[in-house]
Amino acid sequence: GSENTFYALSVLADGADEASMKQMETTTLKAQEALATSSRASAQEVEKLILLSEGLGFDSTHYVLNGETVNLFTVLEGKTITLVNDYTFALEALYSAGYTPAKESNLNKDALIQTLLKLRNPIDQAWNYNADYSGSYGSSDPDTTAMVLSALAPYANQDAKTMGISDDTKAAVDAAVIAGFQYLSSMQGVSGAMDNGYGENASTTALTILAMTAYGKDVLTDHQFIQNGKSLLDGLMNYKNAENLGFEVANWQTGEMELNLEFSTEQGLRALVALQNSKVNTPYYLYQAGAFANENRKQQPIIEPEEKPVVTPQEQEKKEEPIIKDTAKQNKENAAICLLLLVGAGVFAIRKYA
């Protein structure tokens, strides 16, 4: 019954059955629709709706919203894209739908990626949520950096032409990915878990695992993410609840470990699904796995209105020409027949009277 979109994406990636997907349509999808259409809807709310609708097999470019068929990317184009995660989820949404916006669109992939790269911290080439690196809270953070790397993965793993980006953008992505993983590696603790600057935790560890599986990296043996003989999976399991109910986090007041569903467990679940379904040296995109598996589940064929061929005056004249000729010929034939009948009748009358 959860209305969390990312939870739903994890379930879809793991292979949800039809009953589960129908339940998501009436709960999670409707909840995300309400968020995306509210007067205060942000770009991220629309981006999440695209990801979820595609994961359930809908066509987000012909999506029925409030009784009207709309292109959700057109809705997204009307939103302000400012925060790092705005750009991150936009790239995830575009890849999920296989959508290529117009060059002049604010969703142009080259422009999105180039702007996202400019939002990095110039010191360590990593990211934080609002790209403000000034003041005491202005450092990079591994959570945001891991999510950005996941979004950039398809553009790093595939050639520029396939992904619809320029060669310069592709080269910039490749360099940014190397620097990004170097930063993440520096934030891994001796337990194998990731430290977000406030201490080691399950959430940051999980998001780093997602980034690694998006590039086909081996989470268990990759030397860049082994600390004190411990892997990221070892670090994540440090926070597993004893009853297997999820993952825990330290209470900021008491320091005691307690079950946390909203962040630690939900993000930990993402990592477990990715680890369970991914293969080494094969990129695994958790946010698109459901969309790839359920493609066309709800999509209907788009029937374009039949266009009548345009006939030029010259073509019309040619089309009518045989009809005119045939009519004249028929008139001549009819006149000849009448003449023959008259002649025949005259001959008969002469012979009768004679």
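Residue numbers run consecutively from 1 along every chain, following the written order of its sequence. With pLDDT at 70 or above as the cut-off, local features in this predicted model cover only qualifying residues; side-chain atom pairs require 80 or more to be listed or tallied, and sums for whole chains, interfaces and linings still use all residues. Only hydrogens and water are removed before side-chain values are computed, so all heavy atoms of the structure are retained for them.

A. Looking closely at the environment of Asp132. In this text, helices come from DSSP runs of H or I with a minimum length of four residues, and strands from runs of E with a minimum of two, each type numbered from the N-terminal end. Note that Asp132 resides in the loop between helix 6 (109-118) and helix 7 (142-157). Think of it in three bands: residues with accessible area under 20% of the maximum for their type are buried, residues over 50% are exposed, and the middle band is partly exposed, with areas taken using a 1.4 Å probe on protein chains only. You can call Asp132 partly exposed: its relative accessible area is 37%. Separated by 12 residues in sequence, Asp132 and Arg120 have C-alpha atoms that sit 9.2 Å apart. For this analysis, a polar contact is any N or O atom pair within 3.5 Å, provided that within protein one partner can donate a hydrogen and the other can accept it, and provided that sequence-adjacent residues contribute only side-chain to side-chain pairs. Within the structure, Asp132 has its side chain in polar contact with the side chain of Ser134 (distance 2.6 Å).

B. View of the packing of aromatic side chains. Stacked, tilted and edge-to-face are the three classes applied to pairs of Phe, Tyr and Trp rings, where Trp contributes its six-membered ring and a pair requires centres within 6.5 Å; stacked means planes under 30 degrees apart, edge-to-face means over 60, and tilted covers the rest. Following the criterion strictly, the structure yields 8 aromatic pairs and no others. Their ring planes at 75 degrees and their centres at 5.8 Å tell us that Phe58 and Tyr63 sit as a pair that is edge-to-face. This pair shows no difference in class: Phe58 is buried, exactly as Tyr63 is. The interplanar angle of 85 degrees and the centroid separation of 5.2 Å between the aromatic rings of Phe181 and Tyr215 together place this pair among those described as edge-to-face. Taken together, the positions of Phe181 in helix 9 (residues 167-186) and Tyr215 in the loop between helix 10 (202-213) and helix 11 (232-237) put the pair 34 residues apart, joining distant regions of the chain. Overall, Phe181 belongs to the buried group, its relative accessible area being 2%. Put simply, the rings of Phe6, Phe89 and Tyr287 touch in pairs and so form one group of aromatic residues. Our definition puts a charge over a ring when NZ of Lys or CZ of Arg is within 6 Å of the ring centre and also within 35 degrees of the ring normal. In this structure, Lys217 is placed above the aromatic ring of Phe181, and the distance from its NZ or CZ to the ring centre is 4.8 Å. Stacked on the ring of Phe6, the Lys or Arg Arg270 has its end atom at 4.2 Å from the ring centre.

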